[in-house]
Amino acid sequence: MTKSYDAIIIGAGVIGASIAKEMAEAGYKTLSLDKLPEAGHGSTSGSCAIIRTYYSAFETCALAYEGWFYWKDWENYIGRENTEDMIQYFDTGCLVIKTDHNNHLKNVCDMMDQVSCPYEHIATEDIHKRFGGVNTERFDPAKRPDDDGFGQPTGGNVSGAVFFPRGGYVSDPKLAAQNAQSAAAALGAEFMFNAEVTEIRQSDNRVQGVTLSDGTQIDAPILINVAGPHSFVINKMAGVVDKMKMTTRALRHEVAHVPAPASLDYENNGVIYSDSDIHTYARPEVGNNILIGSEDPPCDPQEWIEDPDVFDDNITDQCKTLAMRLAQRLPDLGIPEQGRGLVALYDVSEDWMPIYDKSDLGGFYMAIGTSGNQFKNAPVVGKLMTHLIKTVEGGQDHDQHPVSFHLDNINKDISLDAFSRNREINQNSSFSVIG
Ligand SMILES: Cc1cc2nc3c(=O)[nH]c(=O)nc-3n(C[C@H](O)[C@H](O)[C@H](O)COP(=O)(O)OP(=O)(O)OC[C@H]3O[C@@H](n4cnc5c(N)ncnc54)[C@H](O)[C@@H]3O)c2cc1C
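These numbers come from a predicted model, not from an experiment. (Residues numbered from 1 in each chain as written. Predicted model: local features only at pLDDT ≥ 70, side-chain atom pairs only at ≥ 80, totals over all residues. Heavy atoms only, no water.)

Peer 1: For the packing of helix 1 (residues 14-25) against helix 10 (residues 378-393), give the residues involved together with the corresponding values.
Peer 2: Packed helix pairs are specified by the crossing angle of their axes together with the interaxial distance, meaning the distance between the axes. Look at helix 1 against helix 10: their axes get within 8 Å of each other, and the N-to-C directions meet at 50°. Put simply, helix 1 runs oblique to helix 10. Relative to helix 10, helix 1 is oriented so that their crossing is right-handed. On helix 10, the residues touching V14, I15, S18, I19, E22 and M23 of helix 1 are A378, P379, V381, G382, K383, M385, T386 and I389. Among the residues forming the contact of helix 1 with helix 10, the class breakdown is 9 nonpolar, 3 polar and 2 charged. (Axes fitted to C-alpha atoms, helices over the stretch in contact; angles between N-to-C directions. Helix = DSSP H or I, 4+ residues; strand = E, 2+ residues; numbered from the N terminus. Parallel < 35°, antiparallel > 145°, perpendicular 65-115°, else oblique. Left-handed = near helix turned anticlockwise from the far one by under 90°. Contact = heavy atoms within 4.5 Å. Nonpolar A, V, L, I, M, F, W, Y, C, P; charged D, E, K, R; others polar.)

Peer 1: Give me the site of the ligand: which residues, what numbers.
Peer 2: In the vicinity of the ligand lie 37 residues, with D34, S43, T44, I50 and K376 positioned nearest. The backbone of C48 places a nitrogen or oxygen atom 3.1 Å from a nitrogen atom of the ligand. Relative to its unbound accessible area of 1000 Å², the ligand is 97% covered by the protein chains. Every element with two or more residues in the shell around the ligand is listed here: helix 1, strand 3 (30-34) and strand 20 (341-349). Tallied by class, residues from the shell around the ligand come to 19 nonpolar, 14 polar and 4 charged. Looking at which domains feed residues into the shell around the ligand, each of domain 1 (3-86 + 172-247 + 351-419) and domain 2 (94-165 + 250-346) supplies at least three. (Near = heavy atom within 4 Å. Polar contact = N/O pair within 3.5 Å; in protein donor to acceptor, adjacent residues only side chain to side chain. Areas by Shrake-Rupley, 256 points an atom, 1.4 Å probe, with all protein chains shown as cover. Domains from an automatic or database assignment.)

Peer 1: Talk me through the nonpolar core; I want residue IDs and the actual numbers.
Peer 2: Core analysis: the largest hydrophobic core is formed by 85 residues, its most contacted members being I15, I19, W71, V170, I224, Y356 and M385. Taken together, domain 1 (3-86 + 172-247 + 351-419) and domain 2 (94-165 + 250-346) each give at least three residues to this core, which thus spans both. Apart from residues lying up to four places away in sequence, I15 is in contact with V226, Y356, A367, T370, Q374, A378 and V381. Counting residues in each nonpolar core, the second largest holds 28 residues, with A256, V258, I290 and L333 among its members. (Core = buried A, V, L, I, M, F, W, Y, C linked by side-chain atoms within 4.5 Å. Buried < 20%, exposed > 50% of the residue type's maximum accessible area, 1.4 Å probe, protein only.)

Peer 1: If you had to explain the domain arrangement of the protein chain to someone new, which residues and values would you point to?
Peer 2: Many authors give the size of an interface as the accessible area that is lost as the parts come together. When cut into domains, the protein chain gives domain 1 (3-86 + 172-247 + 351-419) and domain 2 (94-165 + 250-346). For domain 1 and domain 2, the distance between their C-alpha centroids amounts to 29 Å. Listed as interface residues are 25 residues of domain 1 and, on the opposing side, 29 residues of domain 2. Of the roughly 2100 Å² buried at the junction of domain 1 and domain 2 (both faces included), carbon and sulfur atoms supply 72%. Across the domain 1-domain 2 interface, the total number found is 1 salt bridge. The partner of K35 in a salt bridge is D309, and the shortest N-O contact between them spans 3.0 Å. (Buried area = accessible area lost by both parts, 1.4 Å probe. Salt bridge = Lys/Arg side-chain N within 4 Å of Asp/Glu carboxyl O.)

Peer 1: Tell me what's going on with the sheet that holds strand 10 (residues 190-193), and back it up with residues and numbers.
Peer 2: Paired through backbone hydrogen bonds, the strands of a sheet run either parallel or antiparallel to each other. Read across the open sheet, the 6 strands follow the order 10-3-2-14-22-21; overall the sheet is mixed. If you trace the sheet from one side to the other, it starts and ends with strand 10 and strand 21 (355-357), each paired once. Along the sheet, successive strands turn relative to each other by an average axial angle of 20°, direction set aside. Both strand 2 (residues 7-10) and strand 3 contribute to a ladder of 4 bridges, which runs parallel. Across the sheet, residue I10 finds its bridge partner in strand 3, namely L33. Across the sheet, helix 10 touches strand 14 (222-225), strand 21 and strand 22 (364-368), and the angle it forms with strand 22 is around 160°. (Pairing = 2+ DSSP bridges.)

Peer 1: Which residues make up helix 7 (residues 231-238), and what values go with them?
Peer 2: Residues S231, F232, I234, N235 and A238 constitute the buried set of helix 7. In a view along the axis of helix 7, the buried residues occupy a sector of 160°, so they form one face of it. Just downstream of helix 7 lies G239, where phi reads positive at about 75°. (Arc of directions from axis to C-beta.)

Peer 1: Describe the packing of aromatic side chains, listing the residues and the values that go with them.
Peer 2: Here the structure, examined in full by the defined rule, presents 15 aromatic pairs. A centroid spacing of 4.9 Å and a plane angle of 80° characterise the contact between W68 and F69, whose relative ring orientation is edge-to-face. For W68, a relative accessible area of 5% translates into the label buried. By relative accessible area, which is 24% here, F69 ends up partly exposed. Here a set of aromatic residues connected by ring pairs shows up, and it is made of Y70, W71, W74, Y77 and F375. Seen from the ring of Y5, K29 lies directly overhead, with NZ or CZ sitting 4.3 Å from the centre. R52 extends its terminal NZ or CZ atom over the ring of Y55, reaching a point 4.2 Å from the ring centre. (Phe/Tyr/Trp six-rings, centres within 6.5 Å; stacked < 30°, edge-to-face > 60°. Lys NZ or Arg CZ within 6 Å of the ring centre and 35° of its normal.)

Right, dumping it as structure tokens:
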């Protein structure tokens, strides 16, 4: 007999598991399907798991600030009784360098004022107090290490920084997904692993259910695509791609892992660091290491992946390039001959903002296009998607009359058309991982 549920969630990463928790809490009988063996095993496991509040658009700032409250009080969000092994959230604060690329953070500070999120301007000569040993000379525009002038200052100093005390990072992103899974399961949500969705069955322009690779059929009137870098594959299966203005693609990215300079206790005193003058970001990692990610400068080739199941997961010289870029700021940073780091895929939309929306197929929803920057929003996206689904299934035409969503912690309303599959490209975006 074909099993049936109120809703099927494709993907049990940190966002999929958070949606399962919130849907179950709202009374839906859910089944989460993931083709991998455990929750958080997909792109979530490669995440730097940085929790920050600054973005290029009001709605993304509001979501991120709302999300901070859940990370800060994670045990309460998950429910202490639901799991023994909890993530740790380190509320280090975030230091962001002012550059031409981010308009010296003027727009960001305006948006922080709108959401009442605290911040502090830091003078150039005081940056070292937050990030020890740092050279504040300008190096922009970004170059590849074999370009002439790589590592040579380009004149003057950066114009200062902003410190956002509310922000930090999560110790173990995969465990965050597993914590959300435990919380969901405690509310009655079911999870099935090693279960690959290969067909989305529909009738009369309405979702009917899915078929798995082993032929198993499972029915549900609601289906949510939270498949991370596989999101476009699922959208193709559902036949909704041609009916969306925005699309998603998988982009390969490397994150470097290097020891901090001996003079810097980055593990205990380090902050999240974002610097669009040297086009890298960094965060502390255990063992006084630094995780270094790219802020996507135009000189770096972009590696779009046709098939997210087939990509090279070996690190390349890009890890070394990231370390060399950060060494422009931290001259004592050693550059390991053998780079260390990891490779993972972003799920990127045209304007690097997420798509949290319904589709033109009845009952088919998506939480996709998370563009290397939506880990932090997982708990809020769980709530937002549940509200969207409830409202649309209740009869509201979200395309004509956009659903509004209340952010409880910051007491603001946002209109969810900002995350529409049919929005115009958001020109305020950084068109990078910054969002
Ligand atoms: C290198 C890197 C660094 C990042 N750093 C940060 C950061 O610092 N801060 C931040 O906020 N965000 C960051 N992100 C982004 C963040 O990690 C992602 O947005 C988030 O983890 C996505 O979660 P998800 O649940 O949507 O997707 P995933 O974790 O990718 O989960 C999707 C799941 O769907 C499953 N699936 C796919 N196809 C099928 C199918 N056909 N059948 C069944 N299951 C299927 C997959 O197996 C997978 O487990 C980063 C991402 C990367 C890659």
